[in-house]
Amino acid sequence: DDEEAAARLVRCMPFRRFIITKAIGLLGGGNAIVIAGNHFSRLGSNMDENTASTISISASLSIGPLLFAEFCVHCYELEQTSVVSSTPSQPTEISLAQLSMRAFALCVRGMGSFSKHSLSKAQRVNALLTSAMRAASSAAPESDDSWKHYQGLTQDSVKLDGLEVTNEDLALKKSLLPFVSHRNDNEGSRVCLFSELLLQSMNAEAMELSSMLLAAAASFSEPNMKEQLGVTMLHCWEHSEIVDGFSGVLGLDHGEGNGADTCLSFVVDVGFKLTNDLDGETHVPLPSFRGLNSGSKGEAKLRAARSKSGLPTSQIASWPEKHQERLRKELFASNGCPSIPGIVQQMAWALTATFTAGERFNKTFAKDSPSPRQLVLKCVKRTSKTSDSNLTREKTNLAGVLSSSIEAGLSQADFVTLRLIPHMTDKPLDSAQRFVSSLLLSVCRVICASAPSAENLDTNGSFSSSLLKSTKRLYSILVRFILSYAANPQKLTCDENKCFFDFMTSTLMPRISALLVTLQELQETVEGKYLAESKIESHGKTAAALVFEKEKLDNSLLRVGSMLKQHGLEEDAMWLEKHVVITLNRDFGIKSIQDAKEREAPKKRKSATLKKSRVKSEGGKQKKEKRAKPEPMSEHEDDVDAASVADDESEAVSCEVLTEDVDDDDDDESSDDDGDVLSMGNLTEDLQSEEEEEDSDSEVEFDG
């Protein structure tokens, strides 16, 4: 009887879901546990860090292999995956396969927690992954050959040129190969687990797997190992097509699905976190950067130098072949300030190449600019061919991920400029200033790569407005950064600053000017709906604040230029003053919002009771007129009654009339009214009151 009851529980899917949910609650700290000296407690609550991590490691190592075996078993049943998990009775219930991988990811995170353990974090996570693969081989015998194939590889297959990586990191990287890896030519059609899930349209499970990889990568001590995982996950879309002799890790054969949802934005977010956002593309001012050749040895030397500073460097060979020539040219630039190829810039350019740039940005590209074939990524291209609803959601999420990465870089530069640089002197001050300049240059590159396609990534201009806000913040940081050179003005013309200011003047400002004009003309969404009055006004205020911040930056440049002249640095002062360019958008103005106000105005309607009372009053009046002697009506009174009837009929205004465009005469009147135009003068009035009095030309209001 006990064996039959146990067999029934094994086949009972609700019971298995209950056990997995309890495991998630235990590892996540949501469920109470019993520990010595306490009746009940939660993991990490009311206990010291060492005790909590010890319990977490013990629990993760005990149930982690079982949860991964549970995941593998559920993947073979299509009804227990995210492909067909939603039912009419429970449309929001996640699949058992996805739930199992989520619990296993918590186990991996628990193994990497802080603890005074004899094994390092990488060794603990490696032990869990090895045990999980053994459990999966027993639970799913058809996957045994695949696990053995990857476990039989040597550590030489995961080494990086020019880097001395610890054996613990190499062993962990080898254990992660069956989960995510490039497909080599000698492996035929063998693909990793992440690619296999994408092929089967099990995108929800792929999302949970990427979270597990992020938790495992936290145990690496080498930053390049983390960055390589992010690039490899994006590379899995390059081969996500079922071919003859296809062989995945689990050997799933659900057919090449056409799932409505994709997971690209989530995976890109994980990739950004693995490189710590812009750390993977920020130039480090080190002497070893100079004199590097453009071969593999120069790239290895550069990677080793950056690794000592804790910054990753992406391998050019990891990206598609069409990208490699462009990346190598940018990496070994002759100006001493190279552009480090990273995930953030690559993704921004891929979005621009896939969803095309706006017409106003055509003049901002040089003649020798890369072609779209040198910029597009297969992961973005495949996502662009999905359903309209999924594509809209993915584009919005990708825009949000890029905005977050830009803000993270600005926050780091702001912290160094505001908190650290004022307390530094001599060489540490020079190094910090050069680093901030390189970081701001990376931010400028991402903004310039994202701006051309910003209008095509959302429908209401939110991403365009976000880029303008980031640019405004960049100008604000730059004002304080330039004034910090009062302590060492002779260091202002270093290579990093020259690259940064030249790029900002030649590339960033024209792109931002085009973006401002594009946002000014945005009045309707793609679906034909009008933007709300508050949205238009918000865009106008953002643009006005940006232009005003640029005015403050120009004043700071002139102030530092005069200081350089006082120190006898005439050439440096002339070079700096060249970057005080005439802002192309000082006459920026949002179109009249009177149309938006009229569209959003409440509609006037007559109530039914008013009509009834009017009918009754007219009826009573007619009866009185019959009793009285009729008097002849004059022509003037007849005209008045006709006009009143016309006025009554005109009060019944329909919704269509309210949404029609205003007549040309009304447009001319509204354009003359300062209250209807979001001009530069109106929007920056409060900002200008806080600054010094400027020339009379700058006080004129621009109506656009």
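In this text, all values refer to a predicted model and were calculated from it rather than measured experimentally.

## What about the packing of aromatic side chains?
Now for step 1: Counted according to the given criterion, the structure contains 10 aromatic pairs.
Now for step 2: Summarising the aromatic geometry, the rings of Phe68 and Trp147 are spaced 5.8 Å apart at their centres and angled 65° between planes, so their arrangement reads as edge-to-face. You can see Phe68 sitting in helix H3 (residues 49-75) and its partner Trp147 sitting in helix H6 (residues 144-151), a full 79 residues away along the chain.
Now for step 3: On the basis of relative accessibility, which here comes to 0%, the residue Phe68 falls in the buried class.
Now for step 4: Among the residues examined, Trp147 registers a relative accessible area of 0% and is labelled buried.
Now for step 5: Between Trp349 and Phe365, the ring centres sit 6.4 Å apart and the planes meet at 55°, which makes this aromatic pair tilted. A residue pair is termed long-range when its members are at least 10 positions apart, and Trp349 in helix H14 (residues 343-355) and Phe365 in the loop between H14 and helix H15 (378-383) qualify at 16 residues.

## Some words on the packing of helix H11 (residues 264-274) against H14
Now for step 1: One can describe the packing of H11 onto H14 by two numbers: an axis separation of 9 Å at closest approach and a directional angle of 150°. In terms of axis orientation, H11 runs roughly antiparallel to H14. Together, Val268, Gly271 and Phe272 of H11 and Ile343, Val344 and Met347 of H14 make up the contact between the two elements.
Now for step 2: Here the residues of the contact of H11 with H14 are counted per class, giving five nonpolar, one polar and no charged.

## Details of the pattern of salt bridges
Now for step 1: Going through the model one piece at a time under the given rule, you end up with 13 salt bridges.
Now for step 2: Note that Glu70 is salt-bridged to Arg16, the shortest N-O span being 2.6 Å. With Glu70 in helix H3 and Arg16 in helix H2 (residues 13-28), the pair connects residues that are 54 residues apart, well separated along the chain.
Now for step 3: Look at Arg16 and you get buried, because its relative accessible area is 17%.
Now for step 4: Residues Asp430 and Arg434 are paired through a salt bridge, measuring 3.8 Å at the closest nitrogen-oxygen approach. Taken as a pair, Asp430 and Arg434 lie in helix H17 (residues 426-450) at a separation of four residues, close to a single helical turn.
Now for step 5: Note on Asp430: relative accessible area 13%, which makes it buried.
Now for step 6: A network of salt bridges, in which partner residues are shared, links Glu407, Asp414, Arg473 and Arg480.

## Some thoughts on the environment of Gly400
Now for step 1: Its location among the elements puts Gly400 in helix H16 (residues 388-420).
Now for step 2: Linking Gly400 and Asp269, residues 131 residues apart in sequence, is a C-alpha distance of 9.5 Å.

## Quick word on a positive patch on the surface
Now for step 1: Positive charge collects at one region of the surface, where Lys322, Arg373, Lys381 and Lys385 lie side by side.
Now for step 2: Tracing the sequence through the fold places Lys385 in the loop between H15 and H16.

## Focus: a nonpolar patch on the surface
Now for step 1: A surface patch of nonpolar side chains, amounting to about 350 Å² of accessible area, comprises Leu9, Phe15, Phe18 and Ile19.
Now for step 2: A per-element tally of the nonpolar patch places H2 first, with three residues.

## Describing the environment of Val547
Now for step 1: With respect to the helices, strands and loops of the structure, Val547 is situated in helix H21 (residues 533-566).
Now for step 2: For the pair Val547 and Thr471, spaced 76 residues apart in the sequence, the C-alpha separation amounts to 10.0 Å.

## Overview of the side chain of Thr232
Now for step 1: Position of Thr232 relative to the elements: it lies in helix H10 (residues 223-235).
Now for step 2: Residue Thr232 is classed as buried on the basis of its relative accessible area, which comes to 5%.
Now for step 3: Side-chain polar atoms of Thr232 contact the backbone oxygen of Gln228, separated by 2.6 Å.
Now for step 4: Aside from chain neighbours lying at most four places away, what touches Thr232 is Val180, Ser181 and His182.

## Brief notes about the side chain of Thr493
Now for step 1: Following the sequence through the fold, Thr493 ends up in the loop between helix H19 (462-483) and helix H20 (495-521).
Now for step 2: Among all residues touching Thr493, those that are not within four sequence positions of it are Lys498, Asp572 and Trp575.

## Focus on the nonpolar core
Now for step 1: In this structure, Phe68, Phe104, Phe194 and Met212 are the most contacted members of the largest nonpolar core, which totals 153 residues.
Now for step 2: For Phe104, the residues in contact, after removing those within four places along its chain, are Gly64, Leu67, Phe68, Leu128, Leu129, Ala132 and Met212.

Calculation notes
Residues numbered from 1 in each chain as written. Predicted model: local features only at pLDDT ≥ 70, side-chain atom pairs only at ≥ 80, totals over all residues. Heavy atoms only, no water. Phe/Tyr/Trp six-rings, centres within 6.5 Å; stacked < 30°, edge-to-face > 60°. Helix = DSSP H or I, 4+ residues; strand = E, 2+ residues; numbered from the N terminus. Buried < 20%, exposed > 50% of the residue type's maximum accessible area, 1.4 Å probe, protein only. Axes fitted to C-alpha atoms, helices over the stretch in contact; angles between N-to-C directions. Parallel < 35°, antiparallel > 145°, perpendicular 65-115°, else oblique. Contact = heavy atoms within 4.5 Å. Nonpolar A, V, L, I, M, F, W, Y, C, P; charged D, E, K, R; others polar. Salt bridge = Lys/Arg side-chain N within 4 Å of Asp/Glu carboxyl O. Patch = residues over 30% accessible without salt bridge, like charges linked within 9 Å, V, L, I, M, F, W, Y side chains within 5 Å. Areas by Shrake-Rupley, 256 points an atom, 1.4 Å probe, with all protein chains shown as cover. Lys, Arg positive; Asp, Glu negative; His and termini not counted. Charge placed at Lys NZ, Arg CZ, Asp CG, Glu CD. Polar contact = N/O pair within 3.5 Å; in protein donor to acceptor, adjacent residues only side chain to side chain. Core = buried A, V, L, I, M, F, W, Y, C linked by side-chain atoms within 4.5 Å.

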